[in-house]
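Fold and contact review
Take a look at the letters that make up each chain.
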Amino acid sequence: VSSCQALAENLDKVLQAMPALHRLALSARTFSGIAGSDVSAQAASSCPSLLLLVHEQLDSVLHELRTTTSSGAVNAAALLLGMNVLVKLVACLEALSFEGKKCAARVFVEVAELGPRVRLDKLVSHQPLVEMLLAGFGKPGVFDHSAAMLQSLIKTPELHVILLDAGVTFELMRLAAEANFEISCEAFFSLRELLLKNPVSAAKFLMESFSDFFKQYHSLLVVESYTVLRQAERLLGEILLQQAFWQVRIAYINNENFLRIHMNLFRLTSVPLRLEAFHLFKIFVANSTRPSRVTNILRHNSDRLIALLQTFLGEGHEDEAFCTDLHTVIGLLRSL
């Protein structure tokens with residue numbers, strides 16, 4: 001414990017200088033006029049010994065966490081949390097060397113994986129930490145490290161409600177719409193983990209923030225990106241079909257405006273996107289307790305919908321379950 005405390009204190013002192021180092025690097029980039037130059041490279045050229053010391057101290061802390069006894073790891077983690085080292089790591093992540101970033105993320109994840117044995121709720125309740133992780137999530141230079149740190153928190157059940165209440169879902173939806181493919185994919189993965197790993201608390205959250213959540217989520221269904229559209233359709237289908245979200249599902253499929261959104265997705269030229277749209281549309285049609293306003297829209301458009309769905313049969317889909325669903329939906333529309 002005393003050894004880890006010395007490491008933590010030394011690392012804390014080094015990290016206190018990192019924000020100034022980061023500003024120095026940004027200033028050097030601005031005045032040199034080097035477009036796209038790397039912040040870490042600038043920082044390293046300004047003070048290589050400081051960055052090297054950071055990396056060495058991170059390596060030592062990581063080794064301590066991985067090789068000591070279980071109780072020793074808990075004590076080491078408690079020291080790191082108590083001295084606010086993890087928060088400072090996230091704050092200084094951009095200024096670290098490439099290897100330093102990787103080591104910082106590993107230290108963070110090692111502590112997070114200790115779960116209920118350390119007071120992670122205090123760490124996550126430190127609101128700037130969550131904000132800094134989400135901010136880093138949107139920066140190409142550190143997004144993968146920030147994502148790994150955030151995902152390690154998402155996997156910890158006792159932090160789930162705290163993260164939901166902190167607005168992480170809304171920020172992840174914003175990041176999911178990013179033009180950067182890797183950032184968007186990581187955001188969708190994190191959003192899926194947050195909503196589906198602990199569905200009971202997630203369902204409660206979605207019911208409490210139903211209008212706000214789906215207003216933002218539906219913005220992902222009107223973007224031009226094929227990847228964003230497909231992932232958004234697929235995740236929504238997973239949410240609505242899980243039993244834990246039954247109240248969310250009922251509220252969703254009883255909304256005629258939501259039905260119109262999914263009918264419009266049939267206009268997409270991409271066959272895979274239209275197939276994903278069908279798997280969402282069928283939930284509206286199969287709803288035996290749908291309100292009259294939803295039934296009226298389906299009845300009014302039934303001829304066109306049937307003609308469109310029959311084109312799927314003509315495309316030679318061999319999935320037996322899909323063909324069964326398709327015939328069932330067509331039959332229900334004809335019965336209207």
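Residues numbered from 1 in each chain as written. Predicted model: local features only at pLDDT ≥ 70, side-chain atom pairs only at ≥ 80, totals over all residues. Heavy atoms only, no water.

**As for the overall build of the protein chain**
Keep this limit in mind: Secondary structure counts use DSSP, requiring at least four H or I residues in a row for a helix and at least two E residues in a row for a strand, with both numbered from the N terminus. For each residue, the accessible area found with a 1.4 Å probe, counting protein chains only, is set against the maximum for its type, and the residue is called buried under 20%, exposed over 50%, and partly exposed in between. By definition, residues are in contact when any of their heavy atoms lie within 4.5 Å. Surface accessibility in these figures is a Shrake-Rupley result with a 1.4 Å probe; residues are shielded only by whichever protein chains are displayed.
Within the protein chain one finds 22 helices and 0 strands. Of all 336 residues assigned to the protein chain, the portion counted as buried reaches 49%. In the protein chain, the proportion of contacts linking residues at least 24 apart, taken out of those at least 6 apart, comes to 73%. Put simply, the protein chain shows about 15,600 Å² of open surface, and 54% of that area lies on carbon and sulfur atoms.

**Notes on the environment of Glu158**
As for its position among the elements, Glu158 is in the loop between helix H10 (143-154) and helix H11 (160-165). According to the relative accessible area criterion, Glu158 is partly exposed, its value standing at 35%.

**Some points on helix H19 (residues 271-286)**
The condition that has to hold: Here the expected length of a helix is defined as 1.5 Å per residue gap, with one fewer gap than residues.
Counted at 1.5 Å a residue, the expected span for H19 with its 16 residues is 22 Å, and the 22 Å between its end C-alpha atoms agrees. Along H19, the residues that are buried comprise Leu273, Arg274, Leu275, Glu276, Ala277, Phe278, Leu280, Phe281, Lys282, Ile283, Phe284 and Val285.

**Details of the packing of aromatic side chains**
To keep things clear, this is the line we draw: Here a pair means two rings of Phe, Tyr or Trp (six-membered ring of Trp) with centres within 6.5 Å. Their orientation is stacked below 30 degrees between planes, edge-to-face above 60, and tilted elsewhere.
Taken as a whole, this structure holds 15 aromatic pairs when the rule is applied. Measuring from ring centre to ring centre gives 5.9 Å for Tyr252 and Phe284, while their planes differ by 50 degrees; the resulting arrangement is tilted. With Tyr252 in helix H17 (residues 246-253) and Phe284 in helix H19, this pair connects stretches of sequence that are 32 residues apart. Residue classification places Tyr252 among the buried positions, given a relative accessible area of 0%. An aromatic cluster is built from Phe170, Phe205, Phe210, Phe213, Phe214, Tyr217, Tyr252, Phe258 and Phe284, whose rings are joined through pairwise contacts.

**Here we look at the pattern of salt bridges**
What counts, and what does not: Every case where a carboxyl oxygen of Asp or Glu lies within 4 Å of a side-chain nitrogen of Lys or Arg is listed as a salt bridge.
Counting across every chain of the model gives 10 salt bridges. Between Glu238 and Arg192 there is a salt bridge, with the nearest N and O atoms lying 2.6 Å from each other. With Glu238 in helix H16 (residues 226-241) and Arg192 in helix H13 (residues 181-196), this pair connects stretches of sequence that are 46 residues apart. A salt bridge links Lys204 to Glu208; the shortest N-O distance between them is 2.6 Å. You can see Lys204 and its partner Glu208 sitting in helix H14 (residues 199-208), 4 residues apart, about one turn around the helix. For Lys204, a relative accessible area of 54% puts it in the exposed group. Salt bridges linked by common partners bring Arg230, Arg234 and Glu276 together as one network.

**Thoughts on the nonpolar core**
Inclusion rule: Residues enter a nonpolar core if they are buried and are Ala, Val, Leu, Ile, Met, Phe, Trp, Tyr or Cys, with the set joined through side-chain atoms within 4.5 Å.
Ranked by size, the top nonpolar core spans 105 residues in total, and within it Tyr217, Phe281 and Leu309 carry the most contacts. In terms of residues, this core owes the most to one element, H19, which gives 9 residues. Contact partners of Tyr217, with chain neighbours within four places excluded, come to Met173, Leu191, Gln231, Ala232, Leu235 and Leu236.

**Topic: the confidence of the model for the protein chain**
Convention followed: Confidence scores labelled pLDDT are given residue by residue by the predictor and lie between 0 and 100.
Here the protein chain averages 84 in pLDDT, and 83% of its residues register 70 or above. Mean pLDDT across the elements of the protein chain bottoms out in helix H3 (residues 39-46) (43) and peaks in helix H15 (residues 210-217) (97). Between residues 24-46, whose pLDDT stays under 50, and residues either more than four places distant or in other chains, the model counts 25 contacts.

**With respect to the environment of Pro157**
Within the secondary structure, Pro157 sits in the loop between H10 and H11. Residues Pro157 and Asn198, 41 residues apart in the sequence, show an inter-C-alpha distance of 7.1 Å.

**Focus: the packing of H13 against H14**
The following threshold applies: Whenever a helix is involved, its axis is fitted only over the stretch in contact; in every case the axis is a line through C-alpha atoms, and angles between N-to-C directions fall within 0 to 180 degrees. Roughly parallel here means an angle under 35 degrees, roughly antiparallel means over 145, roughly perpendicular means 65 to 115, and every remaining angle is called oblique. Residues are grouped as follows: Ala, Val, Leu, Ile, Met, Phe, Trp, Tyr, Cys and Pro are nonpolar; Asp, Glu, Lys and Arg are charged; all remaining types, including Gly, are polar.
Close contact between H13 and H14 brings their axes to 6 Å; oriented N to C, the two are set at 100 degrees. Between H13 and H14, the interaxial angle falls into the category roughly perpendicular. Two secondary-structure elements touch here, H13 through Leu194, Leu195 and Leu196 and H14 through Pro199, Ala202 and Leu206. Within the contact of H13 with H14, the residues separate by chemical class into 6 nonpolar, no polar and no charged.

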